[in-house]
Amino acid sequence: MSDPVSDPMSGPIAAEQVLALEGVVAGYGRAAPVLRGLSVTVRAGEVVCLVGPNGAGKSTALKVASGLLAPRSGRVMLAGRDVTGLTPQRLLALGLAHVLQGHSVFREMTVAENVRLGGYTVRDQARLDARIEVVKELFPVVAERWGSMAGLLSGGQQKQVEFARALMLEPSVVLLDEPSMGLDPRNTQVVFDQIDLMRRAGVAVLLVEQNARRALEMADVGCVLDLGRVHISGPARELAADPRLGRLYLGGQPAT
Amino acid sequence: MTLLLQGLALGVLTGGLYALLASGLSLYFGVMRVVMVAHPAFLFLAAYLTYTAHTAFGVDPFLALPVTVPLFFALGVAVQRLLVARLAPDNLAMMSVLLTFGLALTIEGLLGTFYTGSYRSVSMDYATRSLTVGGVHLPYDKIIAFSVAALTLAVLFAVLVKSRFGRALRATIQHREAARLVGIPTERVAGYGFGVGLATAAVGGAVLALITPFFPASHWVWIGKLMAVIVVGGLGSVVGAALAAVLLGVVEGVVLVTVDATWATMMFYVFLFLTLLVRPQGFFGGRLAHRF
Ligand SMILES: Nc1ncnc2c1ncn2[C@@H]1O[C@H](COP(=O)(O)OP(=O)(O)OP(=O)(O)O)[C@@H](O)[C@H]1O
Ligand SMILES: [Mg+2]
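Keep in mind that what you see is a predicted model, and the values were worked out from it rather than measured. (Residues numbered from 1 in each chain as written. Chains lettered and ligands numbered in written order. Predicted model: local features only at pLDDT ≥ 70, side-chain atom pairs only at ≥ 80, totals over all residues. Heavy atoms only, no water.)

### Things to note about the overall build of chain B
Right, so step 1: What chain B contains, in helices and strands, is eleven helices and two strands.
Right, so step 2: Ordering the α and β elements of chain B from the N terminus gives α-α-α-α-β-β-α-α-α-α-α-α-α.
Right, so step 3: For 292 residues, the compact-globule estimate of 2.2 N^0.38 gives 19 Å, and the C-alpha radius of gyration of chain B, at 19 Å, lies within 12% of that figure.
Right, so step 4: With an accessible surface of roughly 12,200 Å², chain B has 72% of that area assigned to carbon and sulfur atoms.
Right, so step 5: In chain B, 17 side chains carry a positive charge and 9 a negative one; their mean positions are 13 Å apart. (Helix = DSSP H or I, 4+ residues; strand = E, 2+ residues; numbered from the N terminus. Rg over C-alpha atoms; globule rule 2.2 N^0.38 Å. Areas by Shrake-Rupley, 256 points an atom, 1.4 Å probe, with all protein chains shown as cover. Lys, Arg positive; Asp, Glu negative; His and termini not counted. Charge placed at Lys NZ, Arg CZ, Asp CG, Glu CD.)

### A closer look at the site of ligand 1
Residue and element names in this part refer to chain A.
Right, so step 1: Of all residues adjacent to ligand 1, which total 13 residues, the nearest are Gly55, Lys58, Ser59, Thr60 and Gln101.
Right, so step 2: In this structure, Gly57 approaches ligand 1 through a main-chain N or O atom, which is 2.9 Å from an oxygen atom.
Right, so step 3: For ligand 1, an oxygen atom lies 2.7 Å from a polar atom in the side chain of Ser59.
Right, so step 4: When isolated, ligand 1 has an accessible area of 630 Å², and the protein chains bury 59% of it.
Right, so step 5: A per-class count over the shell around ligand 1 returns four nonpolar, seven polar and two charged. (Near = heavy atom within 4 Å. Polar contact = N/O pair within 3.5 Å; in protein donor to acceptor, adjacent residues only side chain to side chain. Nonpolar A, V, L, I, M, F, W, Y, C, P; charged D, E, K, R; others polar.)

### Description of the coordination of the magnesium ion (ligand 2)
Right, so step 1: Binding of the magnesium ion (ligand 2) to the protein goes through Ser59 of chain A (OG) and Gln101 of chain A (OE1), at separations of 1.9 to 2.0 Å. Highlighted residues: Ser59 of chain A in helix α1 (residues 58–66) and Gln101 of chain A in the loop between β6 (96–99) and α3 (111–117), separated in sequence by 42 residues. (Donors = N, O, S within 2.8 Å, 3.2 Å for Na, K, Ca; no water.)

### Regarding the UniProt feature "transmembrane region" (unreviewed entry) in chain B
Residue and element names in this part refer to chain B.
Right, so step 1: According to UniProt, the "transmembrane region" (unreviewed entry) feature falls on residues 29–50, 62–80, 92–115, 143–161, 189–214, 226–248 and 254–278.
Right, so step 2: Helix makes up 88% of residues 189–214 and strand 0%, whereas the separation of the span's terminal C-alpha atoms amounts to 33 Å.
Right, so step 3: A helix fraction of 83% and a strand fraction of 0% characterise residues 226–248, whose end C-alpha atoms lie 10 Å from each other. (UniProt positions renumbered as here; feature names shortened; annotations may be inferred.)

### As for helix α3 (residues 65–83) of chain B
All names here are of chain B.
Right, so step 1: If you check α3, its first and last C-alpha atoms are 25 Å apart, about what 19 residues at 1.5 Å a residue would give, namely 27 Å.
Right, so step 2: Of the positions making up α3, those classed as buried are Leu65, Thr68, Phe72, Gly76, Val77, Val79 and Gln80.
Right, so step 3: Elements in contact with the buried residues of α3: α1 (2–32), α2 (39–57), α4 (92–115) and α8 (186–211). (Expected span 1.5 Å × (residues − 1). Buried < 20%, exposed > 50% of the residue type's maximum accessible area, 1.4 Å probe, protein only. Contact = heavy atoms within 4.5 Å.)

### Structural notes on the pattern of salt bridges
Right, so step 1: Considering all chains together, one arrives at eleven salt bridges over all chains under this definition.
Right, so step 2: The partner of Lys159 of chain A in a salt bridge is Glu162 of chain A, with the nearest N and O atoms 3.1 Å apart. With Lys159 of chain A and Glu162 of chain A both in helix α6 (residues 155–166), this residue pair falls three residues apart, about one helical turn. Each of the two residues, Lys159 of chain A as well as Glu162 of chain A, counts as buried.
Right, so step 3: Note that Glu187 of chain B is salt-bridged to Arg176 of chain B, the shortest N-O span being 3.6 Å. A residue pair is termed long-range when its members are at least 10 positions apart, and Glu187 of chain B in helix α8 and Arg176 of chain B in helix α7 (residues 176–181) qualify at eleven residues. (Salt bridge = Lys/Arg side-chain N within 4 Å of Asp/Glu carboxyl O.)

### A closer look at the packing of aromatic side chains
Residues and elements named next belong to chain B.
Right, so step 1: Taken as a whole and assessed by the stated rule, the structure comprises 13 aromatic pairs over all chains.
Right, so step 2: Ring geometry for Tyr51 against Tyr115: centres 6.3 Å apart, planes inclined by 70°, an arrangement best described as edge-to-face. Of the two residues, Tyr51 is situated in helix α2 and Tyr115 in helix α4; the sequence distance between them amounts to 64 residues. In this pair, the class of Tyr51 matches that of Tyr115, namely buried.
Right, so step 3: Summarising the aromatic geometry, the rings of Tyr119 and Phe215 are spaced 4.9 Å apart at their centres and angled 55° between planes, so their arrangement reads as tilted. (Phe/Tyr/Trp six-rings, centres within 6.5 Å; stacked < 30°, edge-to-face > 60°.)

So this is what it looks like as structure tokens:
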């Protein structure tokens, strides 16, 4: 966090905004909107953490950012360009990756096929082979279980396959929806270390976590989401100590 | 003993054909979660086209395939894009049954108008003889049906497993959102999946034309049998359906020679009910077979 690029408060030379949701209103089908004017900004080399109760709209916010869900109004900006309504395929090409909440491996495919599909849009086989070596090193399980059916891996192992798949194209913006869910402490650490590595590499990370204290400890900026809007946001460490966080979200325990 | 062997051999041959006829149903269910009641109607549409090609132009049933297969592929893409994709997701299963039921009736009506209600058949000299091995008679038409089915399924599997399109299709079936996130145009892929399903009907129809007489309402007999096959195999599993098809074909064949035809047909429903009671997810779906 001493790294100047990662400090959101670094004044006039603040890093460029890589991803921004601006006044996003979004929902499913004809139902009332889930997001009601949500605004979030992520800069290069910064980890922004969204916390909030179940059903607050955290996953929905990420789906809007990755193009899975088109907003009813508001804008999505990626690297200074308006990308509202673009398909996930286009956003992927612009450097965005999204790891979904829960499990999203292709269960009846091998780990190898899963990871290779991360490079589905790229025809340059040499580049993909090189990336495969990189992600295998980042996530040893991927190398160990290369030929196994992905659906037969444990939950935590599957999660690592999903990360490997998402990192195949060296994204510059990564959306992570509860990445530590179901992971043991060691693998949780691996994931958080991985996030830290990405930040150092200048990647912008938008993180959703239920493990709020832990996530806010490592994030740069925190946002508390409720009912489709950001209620409090600020430097993550200050937010972690904010008594309002406890009241709004953590069920009234005193903040530590 | 010979009788049993006879039933077994015929069962395997017919089972192979069932596998081909049901593979389309598994694909539709896999890509769109729809129950395509009109699949057998399309099978007989293909059978009638084969009949026309044969009677009007003297074309061998299998030589018409280069025309009917692409035609049916295009029809399948059109059905998915113009009809199925427009159904609301909340009541897709139910509405898809109604929609495809309507399609089946429409096709049946058209066939009745153009071909009248009388029985038609395509008979080729090469299909009328039979091979005798150790007292077991294997009619050539059944052998041809089995071989064509096996070949078509082999091509289908090769496409699903090895090709870029096949990987995209399987990814779309297994996790649609994750597939979109790796850049797969899932809507287009689902349309092509439907097209491939209907393309199998073009082949299946040509085979049916060769082995059985048919009339416009023939498809109703098949929908029940084929649904039983895909439920026993595990909905949406192409491999599961193929295994279940051979199993049911053999059971049918053996019951046919040892009991009677009524019981033989009944076995499909007996297995259907047993599956729903004991293992509703199907016997070959999930871990044993790769659900495509
Ligand atoms: N595919 C969907 N179709 C319809 N409604 C949905 C869908 N996904 C989410 N919702 C609704 O949107 C609201 C917000 O859901 P969302 O998944 O964004 O919450 P979340 O903040 O991620 O919650 P959690 O902490 O439980 O993951 C919920 O009320 C939910 O019922
Ligand atoms: Mg969520």
